Amino acid sequence: MKNKWFVSGIVAIILLTGLFIITTTQEQPGNNNDTPQETQEQADKNNDTTEEDSDEAESSEEEHSIGEDLKESFTNALESAVGLFIKKDLKIVAVGDSLTQGVGDDTDNGGYVGILEDNLKNEELNPNLMIENYGKRGNRTDQLIERMKTEEISSSLEDADIVLITIGANDVMKVIKDNFQDLDYQDFVKQHDQYEQNLNEIFQMILEKNPDASIYHLGLFNPFAGYFNNIPEMGDIMSDWNQIGIKVSEEYEEVTFIPIEDLFVNPEETLLWEDHFHPNTKGYKLIAERVLEYIRPDIERNE
């Protein structure tokens, strides 16, 4: 029996995320081809802008202050990484989807990867630390496999000490988009085997190029919980995907699964960006802390 409860909720999800993506991708810089009427109207408005400019200046100062406070909180939260004695010539390569790219990071700093770099890189203690980010918004497992065959990513993986991966959320979204008119829980179950096969291929490709690499596979979180809590099956779906990630990761001695789902369950503050799908800067900070907790034994010098 088809679970019709999916339709309204999932369509809303697609419309919400789709509208945001369309809006952000279609934004274009304004032009200066004002008509005479527009120019006159603008001139009439100029006399009323002094107070607005003052308000904007105050707002800008407030935003700067918030930004500084946020940066300070990050430093405090990750202070254990500052001055960390890292292995010489350490190279970290991050591959995957928008979570690796850092979509939603209000500071445009590359999300959790950028936060890690800011807190690990020290020109005096570890001047040769290298972190390369190959995240791409929208990537599914099959698309990541193809990108990993490119010379740039392939050569980067060959001499990586640590490989960080975020992948899978867009595989879930593809099931939704392909079946949204008559969506059923079993539509997701049918894709489990393919997802598992793709994860295996990703890990095997990395290890064939670099048998010495330590691979860390970040799990998924359920961004819909706070907005579609009347659809508990969405949580089940994301948990299913995580269980596959755990299962496949455990098949390889070199692969470690990093759970992040719990970080976004009943948070005390907003951890999602304005699209209600990607983490915001605070959300990425929590992910960076979790990743550091897991990779620290692999990156720290024993001396």
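Definitions and limits used
- Residues numbered from 1 in each chain as written.
- Predicted model: local features only at pLDDT ≥ 70, side-chain atom pairs only at ≥ 80, totals over all residues.
- Heavy atoms only, no water.
- Helix = DSSP H or I, 4+ residues; strand = E, 2+ residues; numbered from the N terminus.
- Buried < 20%, exposed > 50% of the residue type's maximum accessible area, 1.4 Å probe, protein only.
- Contact = heavy atoms within 4.5 Å.
- Areas by Shrake-Rupley, 256 points an atom, 1.4 Å probe, with all protein chains shown as cover.
- 1 Å grid on protein atoms, 1.4 Å probe; cavity = no way out; pocket = protein on both sides within 12 Å on 5 of 7 lines; lining within 4 Å.
- Points joined across faces, edges and corners; volume = space filled by probe spheres on them.
- Nonpolar A, V, L, I, M, F, W, Y, C, P; charged D, E, K, R; others polar.
- Axes fitted to C-alpha atoms, helices over the stretch in contact; angles between N-to-C directions.
- Parallel < 35°, antiparallel > 145°, perpendicular 65-115°, else oblique.
- Left-handed = near helix turned anticlockwise from the far one by under 90°.
- Pairing = 2+ DSSP bridges.

This part takes up the overall build of the chain. The secondary structure content of the chain amounts to 12 helices and five strands. In the chain, which comprises 303 residues, the share counted as buried stands at 45%. In the chain, of all internal contacts separated by at least 6 residues, the share reaching a separation of at least 24 is 80%. For the chain, the accessible surface area stands at approximately 16,600 Å², while carbon and sulfur atoms represent 45% of it.

This paragraph deals with empty space enclosed by the protein. A complete count under the given rule lists two cavities of 30 Å³ or more for this structure. The space that makes up the largest cavity amounts to roughly 120 Å³. Taken together, Asp97, Ser98, Leu99, Thr166, Ile167, Ala169, Gly219, Leu220, Phe221, Pro223, Met238 and Phe277 form the lining of the largest cavity. Residues that form the lining of the largest cavity fall into these classes: eight nonpolar, three polar and one charged.

Contact geometry for helix H5 (residues 111-120) and helix H12 (residues 281-299): axes closest at 8 Å, N-to-C directions at 55°. By the angle between their axes, H5 is oblique relative to H12. Handedness of the H5/H12 crossing: right-handed. Across the interface between the two elements, Gly111, Tyr112, Ile115, Leu116 and Leu120 from H5 touch Thr281, Tyr284, Lys285, Ile287, Ala288, Val291, Leu292 and Ile299 from H12. Tallied by class, residues from the contact of H5 with H12 come to 10 nonpolar, two polar and one charged.

Read across the open sheet, the five strands follow the order S2-S1-S3-S4-S5; overall the sheet is parallel. Among the strands making up the open sheet, the edge pair consists of strand S2 (130-135) and strand S5 (255-258). Each strand axis lies, on average, 15° off the axis of its neighbour in the sheet, ignoring direction. Here strand S1 (residues 91-96) pairs with strand S3 (residues 162-166) via five bridges, running parallel. By the bridge assignment, valine 93 is partnered in S3 with valine 163. Lying on the sheet, helix H10 (residues 192-209) is in contact with S3, strand S4 (214-218) and S5; it crosses S4 at an angle near 155°.

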